[in-house]
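Report on the structure
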Amino acid sequence: MSDNATSPETAGADAGTPNGQQAAQPSLNSLAQYVKDLSFENPRAPQSLQANQKQPEIDISVNVNAQPLNDNDFEVILKLDASAKTDGEILFSVELAYAGVFRITGLEKDKLHPVIFIECPRLLFPFARQIVAEATRNGGFPPLMVDPVDFMSLYRQQVARMRSSQDAGDDQPGQATDA
């Protein structure tokens, strides 16, 4: 075997890169995770803690926001809002903004947005879910275990909403749209 033979791992490594340099491997690193805001309300306590035969109506909403901190670092905020009502009266309400700082390198610009809004919240979710469960348990209720969230589906819905609102804005000049 000759000294200049290439192994399967290095074959094509310099193809398409200037001066034979290897392209940077994409990486996603979580630098920090933290509670940005947490609120738990039990407005009817202690009456709301009495045994209730009626199953409460649970309403949960999920939202993801992000902002760049520099070229490679992004703060991603996963917001979980949940409330339980019975007979139209609030038993409890919990609002959590759980955030993380992520460093993303070696990724093409067109792939950056989906990583920020799909993969980053996917990494934050288990921790946020646990905080919501503990807050409701500490508030005197059974722990609220938020079902897993399909962040890819949420992302696709948001992109479709943004496109449709842009299209509607194009059809009606001068009208402001919320994105």
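Scope of this entry: the structure provided in the associated data block. (Residues numbered from 1 in each chain as written. Predicted model: local features only at pLDDT ≥ 70, side-chain atom pairs only at ≥ 80, totals over all residues. Heavy atoms only, no water.)

This brings us to the overall build of the protein chain. Assigned secondary structure in the protein chain consists of two helices and four strands. Going from the N terminus to the C terminus, the protein chain shows its helices and strands as β-β-β-β-α-α. Counting the 179 residues in the protein chain, one finds 27% classified as buried. Accessible area of the protein chain: about 12,000 Å², with a carbon and sulfur share of 48%. (Helix = DSSP H or I, 4+ residues; strand = E, 2+ residues; numbered from the N terminus. Buried < 20%, exposed > 50% of the residue type's maximum accessible area, 1.4 Å probe, protein only. Areas by Shrake-Rupley, 256 points an atom, 1.4 Å probe, with all protein chains shown as cover.)

Our focus in this paragraph is the layout of surface pockets. For the second largest pocket, the calculated volume is near 280 Å³. Lining the second largest pocket are 13 residues, and of these Asn-63, Val-64, Phe-117, Leu-154 and Gln-158 lie nearest its centre. Of all the secondary structure elements, the ones that give two or more residues to the lining of the second largest pocket are strand 2 (57-68), helix 1 (109-138) and helix 2 (151-171). Counting residues per element, the lining of the second largest pocket draws most heavily on helix 2, which supplies eight residues. Considered class by class, the residues forming the lining of the second largest pocket number eight nonpolar, four polar and one charged. (1 Å grid on protein atoms, 1.4 Å probe; cavity = no way out; pocket = protein on both sides within 12 Å on 5 of 7 lines; lining within 4 Å. Points joined across faces, edges and corners; volume = space filled by probe spheres on them. Nonpolar A, V, L, I, M, F, W, Y, C, P; charged D, E, K, R; others polar.)

Let us now look at helix 1. Helical geometry: 3.6 residues make up each α-helical turn, so side chains three or four residues apart lie on a common side. Compared with the 44 Å implied by 1.5 Å per residue over 30 residues, the 43 Å span of helix 1 between its first and last C-alpha is a close match. At Val-115, helix 1 shows its largest bend, some 40 degrees. Following helix 1 by one or two positions, Gly-140 has its phi on the positive side, about 100 degrees. (Expected span 1.5 Å × (residues − 1). Bend = angle between axes of the 7 residues up to and from the residue.)

This part takes up the side chain of Asn-42. On the secondary structure map, Asn-42 appears in the loop between strand 1 (27-41) and strand 2. Once residues lying within four places of it in the same chain are set aside, the contact partners of Asn-42 are Ser-48, Leu-49, Leu-91, Gly-139 and Phe-141. (Contact = heavy atoms within 4.5 Å.)

Moving on to unusual backbone geometry. For the bond running from Ala-45 to Pro-46, omega is 5 degrees, close enough to zero to count as cis. Its identity as a non-glycine residue notwithstanding, Asp-87 has a phi of 50 degrees, on the positive side. Its location among the elements puts Asp-87 in the loop between strand 3 (73-86) and strand 4 (89-105). For Asp-87, a relative accessible area of 60% translates into the label exposed.

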